[in-house]
Amino acid sequence: MKIAILGAGVTGLSLARFLVEGGLDADSVHLFEESSAPGGLCASKNVDGFTYDVTGGHILYSKDKPAMAWIQEKAGGADAFVEKDRHTRIRFGQRWVNYPFENGLGDLPPEANFDCLRGYVAAWHQRQTTKSPAPKEFGAWVQWRFGEGIARHFMDPYNAKVWKRELDFLTSDWVAGRVPDAPVDDVLRSAVGIRTEGYTHQAIFYYPKNGGFQAITDGIAAPLRPRIRLSTPVREIVRKGESWRVNGEDFDLVVNTLSLTFLPDLVPAMPREIAAACKALEYNGIVCVLLALDRAAHPDLSWIYLPHDSQGPANRITYMSNYAPSLAPKGRSSLLCEVTTAGGTPFPGAQLERDIIDGLARSGLIRRDEVLFHDRTATKQAYVVFDHGYAARRQAIFAWLDSVGLWTLGRFGRFEYDNSDQCVIKARGLAEKLLERARAGQ
Ligand SMILES: Cc1cc2nc3c(=O)[nH]c(=O)nc-3n(C[C@H](O)[C@H](O)[C@H](O)COP(=O)(O)OP(=O)(O)OC[C@H]3O[C@@H](n4cnc5c(N)ncnc54)[C@H](O)[C@@H]3O)c2cc1C
């Protein structure tokens, strides 16, 4: 069986490794990658001794222990990783507020604490007494779930910064398991100053000691190197009887991990309405700006959220050099600033870096004179945007892809909000299925 895997990000690489580990001849696996290096969204970049993850600070964690062990083993074993406690905060004026926000109400100025608590209790009471269903619109859902105060002081401005759209443009479907849901008692405790913890499944995370997050994809890719065709963009995918032709070459099977939005230009047989559905999928891009700092140490934080426009355009900054000492030269440190962009809109110009630095300085997080240099990486597709047409479009797209036997996997290959561990888990699942079919001679 000759297989073409389109894309050498963590999904394509993991799929290839699982297939080979499952007994498939390595020579039958062919990865197409348009970039000059594997890694995709997991890539890291080194500039003058400072390393950063190009699509924002990445951390490794997973509820799936075998997947976690598999990832670590591929990247040099557990000893090649640092284990870190997650310390995240929200910057609110000149204060640090515990994260998630509703676990940090006691850190707010008293008036804001009161607004948030009053709204939270009112929303909770409303839900208990009316049994009102969760609204479908994200903005309305925020009010329904958290109340007016938390919406006004944190959720609305923060989400406006991230999504760059009216909040009701998004559905509330995606929030299950993503937006932390604290028990009411915890919120009451936090408001009166008793510490409570939320979002505990990320409480500990792992990060490669050397090379940035990309050490993971480098490790998965290492034995596959001869199988990866770098700088080789996929230009055409054509169905040919029971098999496929990619860039004019025959394959028994194709697994796509490229964005669904690219497929209309690559698959000439795609019906017009399916192509339109692919093109209409909504996403956001990201510009990540590294600030190299002439400062030996940071506060003991992993990353922080910046909900307010007065804090500049970044919505999140990661204390990158806190992840592993190798990420900055001795005596120096780094911050990684994330700014999202609405899908398809041009990336901001050079004013962006000035605005980021001004915002961070105003917030008391850096001094302008300690910035040694900055470096940016812009990525067109970073976040799936869950608008109201999302589910119907995906259903139509997958029905057609299934009908022609074109497998598709990965964050943008399926348009799902997957972290790298989920990519590995799904690659493992598909590999098992394909190996079973190969054994059955199908
Ligand atoms: C801001 C942000 C923060 C994140 N944080 C975390 C985190 O903390 N922890 C975590 O585990 N995950 C995190 N993730 C998710 C993680 O980065 C992704 O889930 C994962 O990298 C997706 O891998 P993939 O292989 O599915 O897709 P990709 O990495 O996008 O791989 C697709 C590959 O296809 C290639 N390609 C594109 N077009 C063509 C073409 N025409 N021909 C050939 N090749 C092509 C690309 O170059 C790329 O290498 C984060 C993602 C983002 C955006």
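These figures come from a predicted structure and were not determined experimentally.

### With respect to the site of the ligand
Around the ligand, 31 residues are found, and the nearest of them are Thr11, Glu33, His58, Asp418 and Ser420. A distance of 3.2 Å is found between an oxygen atom of the ligand and a backbone nitrogen or oxygen belonging to valine 10. Taking 1,000 Å² as the accessible area of the ligand by itself, protein coverage stands at 91%. Among the elements of the structure, α1 (10–21), β18 (371–384) and α13 (420–439) are those that each provide at least two residues to the shell around the ligand. Looking at side-chain class alone, the shell around the ligand contains 15 nonpolar, 12 polar and four charged residues.

### Overview of the domain arrangement of the protein
Domain annotation for the protein reports domain 1 (3–41 + 210–278 + 389–439) and domain 2 (101–192). Of note, the centres of domain 1 and domain 2, computed from C-alpha atoms alone, are 38 Å apart.

### Section: the packing of aromatic side chains
Centre distance and the angle of the planes are the two values used to describe a pair of aromatic rings. Under the definition given, this model contains 22 aromatic pairs. A centroid spacing of 6.0 Å and a plane angle of 15° characterise the contact between phenylalanine 138 and tryptophan 141, whose relative ring orientation is stacked. With phenylalanine 138 and tryptophan 141 both in helix α4 (residues 138–146), this residue pair falls three residues apart, about one helical turn. A single burial state applies to phenylalanine 138 and to tryptophan 141, both of which are buried. Measuring from centroid to centroid gives 6.1 Å for tyrosine 383 and tyrosine 417, while their planes differ by 70°, and the two rings are edge-to-face. Remark: tyrosine 417 occurs in the loop between β19 (407–408) and α13 and tyrosine 383 occurs in strand β18; sequence separation between them is 34 residues. Taken together, the ring pairs connect Phe138, Trp141, Phe146, Trp163, Trp174, Tyr383, Phe386, Tyr390 and Tyr417 into an aromatic cluster. The ring of phenylalanine 251 has lysine 2 sitting right over it, with the charged end atom 4.6 Å from the ring centre.

### Looking at the packing of α4 against helix α5 (residues 148–163)
Contact geometry for α4 and α5: axes closest at 9 Å, N-to-C directions at 145°. The element α4 and its partner α5 pack so that their crossing is right-handed. Residue-level inspection shows Phe138, Val142, Gln143 and Phe146 of α4 in contact with α5, the latter providing Glu148, Ile150, Ala151, Met155, Asp156 and Asn159. Looking at side-chain class alone, the contact of α4 with α5 contains six nonpolar, two polar and two charged residues.

### A closer look at the sheet that holds strand β17 (residues 333–342)
The sheet built from seven strands is open, its strands ordered β7-β6-β15-β16-β17-β14-β18 with mixed pairing. Looking at which strands have only one partner, the edges of the open sheet turn out to be β7 (95–98) and β18. The average angle at which neighbouring strand axes cross in this sheet is 25°, direction not considered.

### Some thoughts on the nonpolar core
Counting 121 residues, the largest nonpolar core has Leu6, Leu19, Leu31, Phe101 and Phe138 as the members making the most contacts within it. Inspection of this core shows a minimum of three residues originating in each of domain 1 (3–41 + 210–278 + 389–439) and domain 2 (101–192). Those residues within four positions of leucine 6 in sequence are excluded, and the remaining contacts are Phe32, Val234, Ile237, Val246, Val254, Val255, Asn256, Thr257 and Leu258.

### Digging into the environment of glutamate 73
When you line up the elements, glutamate 73 lands in helix α2 (residues 65–74). The exposure class assigned to glutamate 73 is exposed, which follows from its relative accessible area of 54%. In this structure the C-alpha to C-alpha distance between glutamate 73 and tryptophan 144, which are 71 residues apart in sequence, comes to 44 Å.

### Brief notes about the pattern of salt bridges
Here the structure, examined in full by the defined rule, presents 27 salt bridges. Between glutamate 338 and arginine 316 there is a salt bridge, with the nearest N and O atoms lying 2.7 Å from each other. Residue glutamate 338 is located in strand β17, and its partner arginine 316 is located in strand β16 (residues 316–318); the two are separated by 22 residues in the primary sequence. For the pair shown, glutamate 338 and arginine 316 are each scored as buried. The network of salt bridges with shared partners includes Arg295, Arg367, Asp369 and Glu370.

### Side note on α13
Because the α-helix completes a turn every 3.6 residues, residues three or four places apart line up on one side. An ideal rise of 1.5 Å per residue puts 28 Å on 20 residues; α13 measures up with 28 Å between its terminal C-alpha atoms. Summarising the contacts, the buried residues of α13 are in contact with α1, α2, β13 (253–256) and β19. Following α13 by one or two positions, glycine 441 adopts a phi angle in the positive range, close to 70°.

### Description of helix α12 (residues 390–404)
For α12, built from 15 residues, the straight-helix expectation of 21 Å at 1.5 Å per residue is met to within 8% by its first-to-last C-alpha distance of 22 Å. Downstream of α12 by a residue or two, glycine 405 has a phi angle that is positive, lying close to 75°.

About the thresholds
- Residues numbered from 1 in each chain as written.
- Predicted model: local features only at pLDDT ≥ 70, side-chain atom pairs only at ≥ 80, totals over all residues.
- Heavy atoms only, no water.
- Near = heavy atom within 4 Å.
- Polar contact = N/O pair within 3.5 Å; in protein donor to acceptor, adjacent residues only side chain to side chain.
- Areas by Shrake-Rupley, 256 points an atom, 1.4 Å probe, with all protein chains shown as cover.
- Helix = DSSP H or I, 4+ residues; strand = E, 2+ residues; numbered from the N terminus.
- Nonpolar A, V, L, I, M, F, W, Y, C, P; charged D, E, K, R; others polar.
- Domains from an automatic or database assignment.
- Phe/Tyr/Trp six-rings, centres within 6.5 Å; stacked < 30°, edge-to-face > 60°.
- Buried < 20%, exposed > 50% of the residue type's maximum accessible area, 1.4 Å probe, protein only.
- Lys NZ or Arg CZ within 6 Å of the ring centre and 35° of its normal.
- Axes fitted to C-alpha atoms, helices over the stretch in contact; angles between N-to-C directions.
- Left-handed = near helix turned anticlockwise from the far one by under 90°.
- Contact = heavy atoms within 4.5 Å.
- Pairing = 2+ DSSP bridges.
- Core = buried A, V, L, I, M, F, W, Y, C linked by side-chain atoms within 4.5 Å.
- Salt bridge = Lys/Arg side-chain N within 4 Å of Asp/Glu carboxyl O.
- Expected span 1.5 Å × (residues − 1).

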